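This is what each chain is made of:
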Amino acid sequence: MAKKLIGVDLGGTTIKFAILTENGEIQQKWSLRTNILDEGSHIVPDIIDSINHHLDLYKMDRDQFVGIGMGTPGTIDRDKGTVVGAYNLNWKTTQKVKEQIEEGTGMKFSLDNDANVAALGERWKGAGNEGDDVAFITLGTGVGGGLISNGKLVHGMVGAGGEVGHMIVKPNGYLCTCGNRGCLEQYASATGIVHIAQDKAEEYEGDSRLKAMIDNGDEITAKIVFDLAKQNDYLANTVVDEVAFYLGLAAANLSNALNPEYLVIGGGVSAAGDFLLKRVNENFKKFAFPTVRTSTQLKLAELGNDAGVIGAASLARQFM
């Protein structure tokens, strides 16, 4: 009897769950709102209850499963199965996640950083085509990443491997939440794009719907910037050009170091699609080392919101 996997994608607003075949096909999925009250102390019990409830609901036994994998924000100790410093979950102190979930569900459990897990998902079932060398950049409210080299995630010494959002793309540029200046995250995240738009609108004197909206105090999102750029708004296009410049530079630097088969761009901002990718690619070609330019291919992510649960489930395959 082929066994199944459970994938959990833990985020600041939602916890997504899926039951998958061992080949990564999703059979069931559901989600919960993340309850971050009381120092995030309800999160792990909620995950345990939800898994147990759904196994009863689907009339499934524990021994039908290989195990559970989870992606989470914060700093992870993979051996101990603990998480610390996940501030969007209110987890300020060390959380013994593995110990609690294994005890509460009776299944084996493994966890990793949420961006790493999304990278694993795209590599396994998405744009990475099961390649041994895949780099993944996710553009959301922040910029995260996961690097797969020789078929393995690059974790680095203390788990900070793959922090591509904190590559410096503009020395002495915008101040980042990490304390440095000029990080990619400040230029290519959804919030960074709005920041660039607001700064450019101040200097711009010409005709622009984007400028009118900003001057009027209307709420601006990255999506609005891209939509206006697609409608040939001049100011919006200069914003997209700047974002694509920094992303192309970062993609080239990353690829010059790792020479992945694919560099995959995902996250909410990547919904701008080929409109963004084409411009990123032009800058990538400009900055990439000649042999990297002809071998590494930039692609858009293919799994959308499912990358997290699919990648998380893949962590449980180590128990097979």
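Every value quoted in this text rests on a predicted model; they were computed, and no experiment measured them. (Residues numbered from 1 in each chain as written. Predicted model: local features only at pLDDT ≥ 70, side-chain atom pairs only at ≥ 80, totals over all residues. Heavy atoms only, no water.)

### Let's talk about helix α2 (residues 43–57)
Filter applied, for reference: Numbering of helices and strands runs from the N terminus; a helix is a DSSP stretch of H or I covering at least four residues, while a strand is a stretch of E covering at least two. Expected helix span is taken as 1.5 Å per residue step, with the number of steps being one fewer than the number of residues. To sort residues, take the accessible area from a 1.4 Å probe on protein chains only and compare it with the maximum for the residue type: under 20% means buried, over 50% means exposed, and anything in between is partly exposed. Any two residues having at least one pair of non-hydrogen atoms within 4.5 Å are treated as being in contact.
The end-to-end C-alpha distance of α2, which contains 15 residues, comes to 21 Å, matching closely the 21 Å that a straight helix rising 1.5 Å per residue would cover. Of the residues making up α2, those classed as buried are I43, V44, I47, I48, S50, I51, N52, H54 and L55. For α2, the secondary structure elements touched by its buried residues are β1 (4–10), β2 (14–21), β3 (26–33), α1 (37–40), β4 (65–72) and α3 (97–105). K59 occupies a position one or two residues after α2 and carries a positive phi of about 50°.

### Overview of the nonpolar core
Where we set the bar: Definition used in this section: a nonpolar core is a set of buried Ala, Val, Leu, Ile, Met, Phe, Trp, Tyr and Cys residues joined via side-chain atoms within 4.5 Å.
Within the largest apolar cluster, 51 residues are counted, with the highest numbers of intra-cluster contacts made by L210 and V225. The dominant element in this core, judged by the number of residues it contributes, is helix α9 (residues 234–258), at 13 residues. Within the second largest apolar cluster, 27 residues are counted, among which are I6, V8, V83 and F109.

### Quick look at the packing of α9 against helix α10 (residues 274–287)
Quick reminder of the rule: With axes taken as lines fitted to C-alpha atoms, and helix axes fitted only over the stretch in contact, angles between N-to-C directions fall between 0 and 180 degrees. Angular relationships are summarised with four words: roughly parallel below 35 degrees, roughly antiparallel beyond 145, roughly perpendicular across 65 to 115, and oblique for the angles in between. Left-handed is the label given to a crossing in which the near helix is rotated counterclockwise from the far helix by less than a right angle, and right-handed is the label when the rotation is clockwise.
Relative orientation of the contacting elements α9 and α10 amounts to 50°, with a least axis distance of 7 Å. Relative to α10, α9 is oriented oblique. As for how α9 packs across α10, the hand of that crossing is right-handed. Across the interface between the two elements, N237, V240, D241, A244, F245, L247, G248, L249, A251, A252, S255 and N256 from α9 touch F275, L276, R279, V280, N283, F284 and F287 from α10.

### Here's the deal with the packing of helix α8 (residues 222–230) against α9
Where α8 meets α9, the closest approach of the two axes is 8 Å, and the angle between their N-to-C directions is 115°. Handedness of the α8/α9 crossing: left-handed. For the pair α8 and α9, contact is made by V225, F226, L228 and A229 and by A236, N237, V239 and V240, respectively.

### Some remarks on the domain arrangement of the chain
What counts here: For the purposes of this description, domain bounds are those given by an automatic or database domain assignment. A 1.4 Å probe defines the accessible area here, and the buried area is the portion of it lost by two parts on being joined, summed over both. By definition, a salt bridge exists where a carboxyl oxygen of Asp or Glu is found within 4 Å of a side-chain nitrogen of Lys or Arg. Side-chain atoms alone can form a polar contact between residues adjacent in sequence; in general such a contact is a pair of N or O atoms within 3.5 Å, and within protein one must be able to donate a hydrogen while the other accepts it. Residue polarity is assigned by list, with Asp, Glu, Lys and Arg as charged and Ala, Val, Leu, Ile, Met, Phe, Trp, Tyr, Cys and Pro as nonpolar; anything else, Gly included, falls into the polar class.
What the domain assignment lists for the chain is domain 1 (4–120 + 306–319) and domain 2 (130–301). Taking only C-alpha atoms into account, the centre of domain 1 sits 28 Å from that of domain 2. Between domain 1 and domain 2, the buried area comes to about 740 Å², and carbon and sulfur atoms account for 62% of it. For domain 1, the biggest contributors to the area lost against domain 2 are A115, N116 and A119; these three give 55% of the whole. At the boundary of domain 1 and domain 2, one finds 0 salt bridges. Counting across the interface, domain 1 meets domain 2 through 2 residue pairs in polar contact (both at pLDDT 80 or more). With 5 residues, helix α4 (residues 114–125) is the largest single contributor of residues to the side of domain 1 that touches domain 2. Of the residues in the side of domain 1 that touches domain 2, the class split is 4 nonpolar, 1 polar and 2 charged.

### Regarding the side chain of T105
As for its position among the elements, T105 is in helix α3. Looking at T105, its side chain comes within polar contact range of the main-chain oxygen of I101, at 2.7 Å. For T105, the residues in contact, after removing those within four places along its chain, are I48, I51, N52, R62 and I68.

### Focus on the sheet that holds β2
Test applied: Strands were regarded as paired on the criterion that DSSP finds at least two bridges between them.
The 5 strands lie next to each other as β3-β2-β1-β4-β7, forming an open sheet whose pairing is mixed. Across the chains shown, the open sheet's two edge strands, defined by having one partner strand only, are β3 and β7 (109–113). For this sheet, the mean inter-axis angle between neighbouring strands, taken without regard to orientation, is 15°. Across 6 bridges, β1 lies against β4 in parallel orientation. The residue of β4 that forms the bridge with V8 is M70. Across the sheet, α3 is in contact with β4 and β7; its angle to β7 comes to roughly 145°. The strands touched by α4 are β1, β4 and β7; relative to β7, the strand with the most contacts, the crossing angle is about 100°.

### What about the packing of aromatic side chains?
Working definition: an aromatic ring pair is given by the centre-to-centre distance plus the angle between the planes. The criterion, for reference: A pair of aromatic rings is counted whenever rings of Phe, Tyr or Trp (Trp by its six-membered ring) have centres within 6.5 Å, and the orientation is called stacked for planes under 30 degrees apart, edge-to-face for over 60 and tilted otherwise. Only Lys NZ and Arg CZ are tested; either one counts as a charge over a ring when it is within 6 Å of the ring centre and within 35 degrees of the ring normal.
This model, assessed by the stated rule, comprises 7 aromatic pairs. Seen in terms of ring centroids, Y204 and Y234 are 5.7 Å apart; in terms of plane orientation they differ by 20°. Their pairing is stacked. Residue Y204 is found in the loop between α6 (190–203) and α7 (209–215), and its partner Y234 is found in helix α9; the two are separated by 30 residues along the sequence. Note on Y204: relative accessible area 19%, which makes it buried. Overall, Y234 belongs to the exposed group, its relative accessible area being 54%. Taken together, the aromatic side chains of Y174, Y187, F245, Y246 and F287 make up a single cluster linked through ring pairs. Its end group placed over the ring of F275, R279 keeps NZ or CZ at 4.6 Å from the ring centre. Here K299 stacks its cationic end above the ring of Y262, 4.5 Å away from the centre of that ring.

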